[in-house]
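Residue-level structural notes
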Amino acid sequence: MPVTWFLTGASRGIGLEITRQLLESSSNTVFASCRSPATAFDLDALKSSPGTLHIIQIDVMDEISIKAGCSKVLELLNGTGLDYVINNAAINHAGDLAFSFDPAALAETIQCNVTGPALVTRFLLPSIEKSSRKVIVNISSPLASIGRDLGPISTSYSISKTGLNMLTYKQSRERPDFIPILMDPGWVKTDMGGEGAKIEPHVSVTGILNVATKLTSADAGKFYTYLGKVNPW
Ligand code: NDP
């Protein structure tokens, strides 16, 4: 029985590396979604990997696209369960401050980073229910944590990821049979990570997958780092 995975934002960065590592094993089937499959050349190149790759079009800003992409996943699963859902796609209008942020940027960031993951998981629900694992990994950030105290930067992004944290907590309370968790990937060398990032994508993703595959129901609603430590809220 293959282990089945779904993720968003698989075109580059952490999402591409998650897909690459998962496809190293022939026992994994990966539904890797991205908003522009026609230009996702690095993702397309993974088709020759040992695991099974299905590339699915999903723009997490667009409910119609999310619904259509998730329907395609359910169709391909053909009544079998989806073991892991990873909500990874996100945007960050870096640098915006609490007293000067652009309201349109806040609305867009919440749409992408909170509403998108909420709808993705909602439309995939029938397949998650059929799995024996039922793991949902929502990729968050230390910028969502007051306890980590990263200062006044990235106000819209921080608000959105804090919203994602609460969504995950609510999911864990509503469905005690699911294992929804939050994952802090570290400061990773990607387009979003930018200058100064410390961690290679392969190191972050090795940690993320190590944590994700060891989760039990006792972990539901928790906020883990890629090293398996619990982040403060
Ligand atoms: P990147 O900016 O490198 O990649 C972002 C990915 O999200 C791309 O695949 C992009 O697709 C996709 N994406 C953006 N908007 C949409 C959309 N509307 N629909 C579908 N896909 C979309 O980011 P990272 O890989 O660094 O980040 C991945 C996750 O990790 C995010 O949730 C981020 O918040 C989180 N994170 C990252 C940190 C870091 O240091 N890098 C630190 C903490 C958290 P496209 O190619 O089409 O633009």
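Conventions adopted
- Residues numbered from 1 in each chain as written.
- Predicted model: local features only at pLDDT ≥ 70, side-chain atom pairs only at ≥ 80, totals over all residues.
- Helix = DSSP H or I, 4+ residues; strand = E, 2+ residues; numbered from the N terminus.
- Rg over C-alpha atoms; globule rule 2.2 N^0.38 Å.
- Buried ≥ 20, exposed ≤ 12 C-beta atoms within 10 Å, placed from the backbone.
- Contact = placed C-beta atoms within 7 Å.
- Pairing = 2+ DSSP bridges.
- Axes fitted to C-alpha atoms, helices over the stretch in contact; angles between N-to-C directions.
- Near = placed C-beta within 6 Å.
- Nonpolar A, V, L, I, M, F, W, Y, C, P; charged D, E, K, R; others polar.
- Parallel < 35°, antiparallel > 145°, perpendicular 65-115°, else oblique.
- Left-handed = near helix turned anticlockwise from the far one by under 90°.
- pLDDT = per-residue confidence, 0-100.
- Expected span 1.5 Å × (residues − 1).
- Bend = angle between axes of the 7 residues up to and from the residue.

Here we come to the overall build of the chain. Secondary structure assignment for the chain yields 6 helices and 7 strands. From first element to last, N terminus to C terminus, the chain shows the α and β order β-α-β-α-β-α-β-α-β-α-β-α-β. Computed over C-alpha atoms, the radius of gyration of the chain comes to 16 Å, within 12% of the 17 Å expected from 2.2 N^0.38 for 233 residues, which places it in the range of a compact globule. In terms of overall dimensions, the chain has a C-alpha envelope of 50 × 40 × 35 Å along the principal axes. Looking at the 233 residues of the chain, the share that counts as buried comes to 46%. By sequence separation, contacts in the chain at least 24 residues apart represent 68% of the contacts at least 6 residues apart.

Pairing is parallel across the open sheet formed by 7 strands, whose spatial order is β3-β2-β1-β4-β5-β6-β7. In this open sheet, the two strands that pair with only one neighbour each are β3 (52-57) and β7 (223-225). Within the sheet, the average angular offset between the axes of one strand and its neighbour, ignoring direction, is 20°. Contacts from helix α3 (residues 63-77) reach β1 (3-7), β2 (28-34) and β3 within the one sheet, and its direction differs from that of β3 by about 155°. Strands β5 (135-139), β6 (179-184) and β7 of the sheet are contacted by helix α5 (residues 155-174), whose axis makes an angle of about 160° with β6.

Glancing now at the site of the ligand. Near the ligand you find 28 residues, and of these G9, G13, A90, T190 and G193 are the closest. Considered class by class, the residues forming the shell around the ligand number 14 nonpolar, 10 polar and 4 charged.

The geometry of α3 relative to helix α4 (residues 103-129) is characterised by a closest axis approach of 9 Å and an angle of 25° between their N-to-C directions. Judged by the inter-axis angle, α3 sits roughly parallel to α4. Crossing geometry of α3 relative to α4 is assigned as right-handed. From α3, E63, I66, K67, C70, V73, L74 and L77 reach across to α4, where they touch G116, L119, V120, F123, L124, P126 and S127. Taken together, the residues that form the contact of α3 with α4 break down as 10 nonpolar, 2 polar and 2 charged.

So, about the environment of A218. Structurally, A218 is set in the loop between α6 (201-212) and β7. Along the backbone, A218 and P176 are 42 residues apart, and their C-alpha atoms lie at a distance of 9.7 Å.

Non-glycine residue K134 carries a positive phi angle of around 60°. Note that K134 resides in the loop between α4 and β5. The class of K134 is buried, set by 21 C-beta atoms lying within 10 Å. Even without a glycine there, the phi angle at S154 is positive, about 50°. Position of S154 relative to the elements: it lies in the loop between β5 and α5.

Bringing the confidence of the model for the chain into the picture now. Mean pLDDT over the chain: 97, with 100% of residues reaching 70 or higher. For this predicted complex, the interface confidence comes out at an ipTM of 0.99, alongside a pTM of 0.98.

A word on α4. Its 27 residues place the ends of α4 37 Å apart at the C-alpha level, agreeing with the 39 Å of an ideal helix rising 1.5 Å per residue. F123 marks the point of greatest bend in α4, at about 50°, and the proline P126 comes within the next four residues. The elements touched by buried residues of α4 are β1, α3, β4 (84-87), β5 and α5.

Contact pair α4 / α5: the axes reach a minimum separation of 8 Å and the direction vectors enclose 20°. What the angle tells us is that α4 and α5 run roughly parallel. Handedness of the crossing formed by α4 with α5: right-handed. Counting all contacts with α4, which are made through A105, L106, T109, I110, N113, V114, P117, A118 and T121, the residues of α5 involved are S156, Y157, I159, S160, K161, G163, L164, L167 and Q171. Residue composition of the contact of α4 with α5, by class: 10 nonpolar, 7 polar and 1 charged.

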